[in-house]
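# Descriptive analysis of the structure
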Amino acid sequence: MIDLFAGCGGLEEGFLKSGKYEDIAAVEWLLPQVNTLRKRLKTKWKMEDAEERVMCFDIRREEELFSGWEDAGTAPKSEILPGGKKSRYKTGPYGSGKGLDYFVAQAGGIDIIIGGPPCQAYSVAGRVRDGNGMKDDYRNYLFEHYLSVVDRYQPKAFLFENVPGLLSAIPDGTPITDLIRAGFESIGYEIVDDLKTYAKIDASDYGVPQNRERIIILGVKKDRVKDPQALLREFYTEVLPRYKSPRKKSVGEAIGDLPALYPITDKPSPSGRISYTKAECRTTWHRARKHSLRDIEIYKMLAEDIETNRLEYADSKALSHLYEERVGAKSPIHRYHVLRKGEPGTTIISHLDRDGNRFIHYDSKQSRCITPREAARIQSFDDDFDFLGTQTDAYIMIGNAVPPKLAECVASAVWEILERPDFT
């Protein structure tokens, strides 16, 4: 397999854990994510050449992506965002300079390409926040470069993951799903005829302690199977559902055994923000971010409201009113949410790096948002999966990742399809 837009490796982790696939190469251009994936492949999967296999590179530079690039090993530069604004993130090129052709030739070809372009341009929330509805965002069309890689190496299949907002995204007057379907059909691949009916799945059905809807698009090479649509519908309705968990896993089951972290309210920092106790922990990143005293009081009150079953803030209007009253600003959506101990969590998002109000710990005594490690557990990452970079980097990587548990189920189901006698 080749992994495109690999991030920190959540999708790849699941495919490797299934025991059915061999990693050939991965492409990701953000440096913290690249460093994290390289370390994981080395330490967990014993890939000594991970520095070469994980290419820190801009997928839009297609010719060099395939054949290699000369500015290898140079210091990564800051990403330029839409509108010309410079990001804090460092991006490639950075690495050996070997292109995908080199790795594919070494492997003698590949069977599947996996990955999904960044979801910000497709997400409903992203379109609401952007003044032009994300219509000018270059990330709307990154799938075209994914398509180019598929076209070049002609694998048996591809696996494309993204947010449900993909189904309603219309950046230039044409639904993005129509563009994706037409693009892949033009190079000999077919996806299921009704994505809305078949391709939307919830990670909580597959052992992930989180309500997380995603679009999983499996594409197959049309000339390798007699009836592509029948096979694809069978994948979604019969094969993949066999990997569902017998019951849903709760937040409490996922994070309840991690040490408690309490606010130290008698020693505020010079900025007025409150630190939290530290606890010995067998894993990394279980440390609380600082909060203002105002936020700590709100978190405590909202968690107690649920613990005592008063439920005064059980509806969005009450939460919106509370935000307006305490913060002095109006918001079109309610800003607070306490994770329920006995239920799957809400969707972990990368925005958690800036705002934890929608990810409040259920224990009122802790009065805080969740730590990166708690977020990682809710995303189904193993405790030995480390995230390299700052705490902000860790939150973003975790929020953007495909839950490895879901990825493992999908990988096993896809393998069943690829191993079918009628799949040549």
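Residues numbered from 1 in each chain as written. Predicted model: local features only at pLDDT ≥ 70, side-chain atom pairs only at ≥ 80, totals over all residues. Heavy atoms only, no water.

### Here's the deal with the pattern of salt bridges
Counted according to the given criterion, the structure contains 31 salt bridges. Its salt-bridge partner being Arg377, residue Asp257 comes within 2.4 Å of it at the nearest N-O pair. Taken together, the residues span a long stretch of sequence, with Asp257 in the loop between helix H11 (251-255) and strand S11 (273-274) and Arg377 in helix H14 (residues 372-378) at a distance of 120 residues. The network of salt bridges with shared partners includes Asp257, Arg282, Arg377 and Asp383. (Salt bridge = Lys/Arg side-chain N within 4 Å of Asp/Glu carboxyl O. Helix = DSSP H or I, 4+ residues; strand = E, 2+ residues; numbered from the N terminus.)

### Describing the packing of helix H5 (residues 100-107) against helix H7 (residues 143-153)
Helix packing for two helices is described by the angle between their axes and how far apart those axes are. The contact between H5 and H7 brings their axes to 12 Å, and the two run at 40°. Pair H5 / H7 crosses with right-handed handedness. Residues Leu100, Asp101 and Val104 of H5 lie in contact with H7, whose contacting residues are Val149, Arg152 and Tyr153. Tallied by class, residues from the contact of H5 with H7 come to 4 nonpolar, no polar and 2 charged. (Axes fitted to C-alpha atoms, helices over the stretch in contact; angles between N-to-C directions. Left-handed = near helix turned anticlockwise from the far one by under 90°. Contact = heavy atoms within 4.5 Å. Nonpolar A, V, L, I, M, F, W, Y, C, P; charged D, E, K, R; others polar.)

### Comments concerning helix H15 (residues 391-400)
A large share of H15 lies buried, amounting to 7 of its 10 residues. Residues Asp393, Ala394, Tyr395, Ile396, Met397, Ile398 and Gly399 constitute the buried set of H15. (Buried < 20%, exposed > 50% of the residue type's maximum accessible area, 1.4 Å probe, protein only.)

### Brief notes about empty space enclosed by the protein
Scanning all chains against the criterion turns up 1 cavity of 30 Å³ or more. When its volume is computed, the largest cavity comes out at roughly 80 Å³. Forming the walls of the largest cavity are Leu302, Asp305, Ile306, Leu311, Tyr313, Ala314, Leu319, Tyr336, His337, Val338 and Arg340. Per-element accounting of the lining of the largest cavity gives the leading share, 3 residues, to helix H12 (residues 293-307). (1 Å grid on protein atoms, 1.4 Å probe; cavity = no way out; pocket = protein on both sides within 12 Å on 5 of 7 lines; lining within 4 Å. Points joined across faces, edges and corners; volume = space filled by probe spheres on them.)

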